[in-house]
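Summary of structural features
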Amino acid sequence: MGRIVAISNQKGGVGKSTTCVNLAAALGKKGKKILVVDFDPQGNTTTSFGIKKRSIRNTVYEAIIGNCRIIEAINATDFRGVCVVPATQTLAGAAVELMETEKRSLRLKMQLLSVKDDYDYIFIDCPPTLDLITINALAACDCVLIPIQCEFLSLEGLVELGEAIKRVKKSYNPKIEVCGILFTMYVKRYNLTAQVVDEVKKHFGDLVYETVIPRNVALSEAPSFGEPIMYYNPKCKGAKAYEELANEFLKREKKALKAKSK
């Protein structure tokens, strides 16, 4: 049975979609079977995989409101091992439409259960909010990967997301856990970077990934070409960082599985 990982942070611009796209692609290249669920109305993850939004028939929106099964919304990509459930701006209205729906916080979970066995990992790219859409993602996942920038406002975001995870754990998903905190847009020469890293490690310890994702022009360029970084520019610093992240991710997953089996 596959693992479902929500990539979440209610603060925008921290590299959620970049991490979702490139971690998924790196794991796909390693032979893992990956499903990416674009759960952000901006649809940046969809675009980053080269999927043309005008040609899409079904999206994650149709799946969660019940107009189709999620398997009918899965799109193949040109990248090894990776399929995508796309999103468009129509998803923005889902939070309101679902308010009167039975089990409104579990709509995504119920859909993903039907395909969970078909993949090694399912990644959910969450929007930069803590509304009903994000609650659906947190209710559906096994764990949460949190990308953050090296700035003090990110610490406030971590606290708020942590509180949301606690609420979801109590009400909808008792098995949810944080599986890692990832520093993105990392600039080593900045004094602030070291201060924030130290503060986060002091509070979260082993949850903090050793791998960091640097600021890298190629990472910003790749989405406009509809390619993950390891296909667009495999020799750049960003591609190497996501390769390292994939390796560390799999190591942590292996360790977690071993701990649960004891």
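This text follows the structure it describes.
Reading guide: rules and limits
Residues numbered from 1 in each chain as written. Predicted model: local features only at pLDDT ≥ 70, side-chain atom pairs only at ≥ 80, totals over all residues. Heavy atoms only, no water. Pairing = 2+ DSSP bridges. Helix = DSSP H or I, 4+ residues; strand = E, 2+ residues; numbered from the N terminus. Right-handed = clockwise from strand over helix to strand, strands pointing away. Core = buried A, V, L, I, M, F, W, Y, C linked by side-chain atoms within 4.5 Å. Buried < 20%, exposed > 50% of the residue type's maximum accessible area, 1.4 Å probe, protein only. Contact = heavy atoms within 4.5 Å. Expected span 1.5 Å × (residues − 1).

Right, let's get into the pairing of strand 7 (residues 177-186). Inspection of the sheet shows strand 6 (residues 143-149) paired to strand 7 by 7 bridges, in the parallel sense. Following the sheet pairing, P147 is matched in strand 7 by L182. At this point the chain moves from strand 6, through helix 7 (residues 152-171), to the parallel strand 7, and the crossover so formed is right-handed. The sheet contact formed by strand 7 and strand 8 (residues 208-214) spans 3 bridges and is parallel.

Ranked by internal contacts, the top residues of the largest apolar core, which has 50 residues, are V37, F39, L108, L112 and I124. Here this core takes 7 residues from helix 6 (residues 132-140), the largest share from any one element. Excluding residues that lie within four positions of it along the chain, F39 makes contacts with V60, I64, L91, L108, I124, D125, C126, P127, I133, N136 and A137. With 37 residues, the next largest nonpolar core counts A26, C179, Y242 and F249 among its residues.

This part takes up helix 1 (residues 16-29). Between its first and last C-alpha atoms helix 1 spans 20 Å; for 14 residues at 1.5 Å apiece the expected length is 20 Å, and the two agree. Among the 14 residues that make up helix 1, 12 are buried, leaving the element largely enclosed by the rest of the structure. By the burial criterion, the buried members of helix 1 are K16, S17, T19, C20, V21, N22, L23, A24, A25, A26, L27 and G28. Downstream of helix 1 by a residue or two, G31 has a phi angle that is positive, lying close to 95 degrees.

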